[in-house]
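Given next are the chains, with one letter for each unit.
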Amino acid sequence: MNAYTPDTHLQAPLGNASTTVLRWAALIDAGNALALLAGTRENAESLPARDFADALSHCPESRRRLADNAVADLAAIMESGLSALLAGHQRGSNTRPAARALWREYLSARDSVLDLVARTGEMHLPA
């Protein structure tokens, strides 16, 4: 039996910051799927993963740890929320109101993480 798991593989050689960047990229994809379910034309990506990685690498360690935790929390919320929405959608339920509520939560959490890692005066995040 192989003891390899993706989380073990990512954290050992890459470290927490890289794991957070990979989660960020996955959250952008999940956010775009959620936008479709919510019926919005907005784009989930306000900061590409490459730029997020740069911002994360330049923020103080204390804010980096907070960002790591916030991104992990958002990933957990999105995973369970999208699973529920997709299950309801597959059964033919109207999931748009719930998807819109999750979309608003996603945007709020995403923007909070971006505010946390933004370097004052050096990086201007899109509005």
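A brief report on the enclosed structure follows. Just so you know, these numbers come straight off a predicted model, no measurement behind them.

Cut-offs and rules
- Residues numbered from 1 in each chain as written.
- Predicted model: local features only at pLDDT ≥ 70, side-chain atom pairs only at ≥ 80, totals over all residues.
- Heavy atoms only, no water.
- Axes fitted to C-alpha atoms, helices over the stretch in contact; angles between N-to-C directions.
- Helix = DSSP H or I, 4+ residues; strand = E, 2+ residues; numbered from the N terminus.
- Parallel < 35°, antiparallel > 145°, perpendicular 65-115°, else oblique.
- Contact = heavy atoms within 4.5 Å.
- Nonpolar A, V, L, I, M, F, W, Y, C, P; charged D, E, K, R; others polar.
- Expected span 1.5 Å × (residues − 1).
- Buried < 20%, exposed > 50% of the residue type's maximum accessible area, 1.4 Å probe, protein only.
- Core = buried A, V, L, I, M, F, W, Y, C linked by side-chain atoms within 4.5 Å.
- Phe/Tyr/Trp six-rings, centres within 6.5 Å; stacked < 30°, edge-to-face > 60°.

## A short note on the packing of helix 2 (residues 49-58) against helix 4 (residues 96-117)
Item 1. Contact geometry of helix 2 with helix 4 gives a least axis separation of 9 Å together with a crossing angle of 45 degrees. As summarised for this structure, helix 2 and helix 4 are arranged oblique, according to the angle between their axes. Side by side, helix 2 and helix 4 meet where Phe-52, Ala-55 and Leu-56 of the first sit next to Val-113, Leu-114 and Val-117 of the second.
Item 2. Residue composition of the contact of helix 2 with helix 4, by class: six nonpolar, no polar and no charged.

## Section: helix 3 (residues 61-90)
Item 1. Its 30 residues place the ends of helix 3 43 Å apart at the C-alpha level, agreeing with the 44 Å of an ideal helix rising 1.5 Å per residue.
Item 2. Within the sequence span of helix 3, burial applies to Arg-64, Ala-67, Asp-68, Val-71, Leu-74, Met-78, Gly-81, Leu-82, Leu-85 and Gly-88.
Item 3. Looking one or two residues past helix 3, Gly-92 carries a phi angle of roughly 90 degrees, positive in sign.

## Structural notes on the nonpolar core
Item 1. Counting 29 residues, the largest nonpolar core has Leu-34, Phe-52, Met-78, Trp-103 and Tyr-106 as the members making the most contacts within it.
Item 2. Counting residues per element, the ones that place at least two in this core are helix 1 (6-38), helix 2, helix 3 and helix 4.
Item 3. If one sorts the elements of this core by residue count, helix 1 sits on top with nine residues.
Item 4. Setting aside residues up to four positions removed in sequence, Phe-52 forms contacts with Thr-20, Val-21, Trp-24, Leu-47, Val-71, Val-113, Leu-114 and Val-117.

## Some details on the packing of aromatic side chains
Item 1. Considering all chains together, one arrives at two aromatic pairs under this definition.
Item 2. Arranged with centres 4.2 Å apart and planes meeting at 10 degrees, the rings of Trp-24 and Phe-52 form a pair that is stacked. Residue Trp-24 is located in helix 1, and its partner Phe-52 is located in helix 2; the two are separated by 28 residues in the primary sequence.
Item 3. Given a relative accessible area of 0%, Phe-52 falls into the buried group.
Item 4. Between Trp-103 and Tyr-106, the ring centres sit 5.6 Å apart and the planes meet at 25 degrees, which makes this aromatic pair stacked. Of this pair, Trp-103 and Tyr-106 are both found in helix 4, three residues apart, which corresponds to roughly one turn of the helix.
Item 5. On the basis of relative accessibility, which here comes to 2%, the residue Tyr-106 falls in the buried class.

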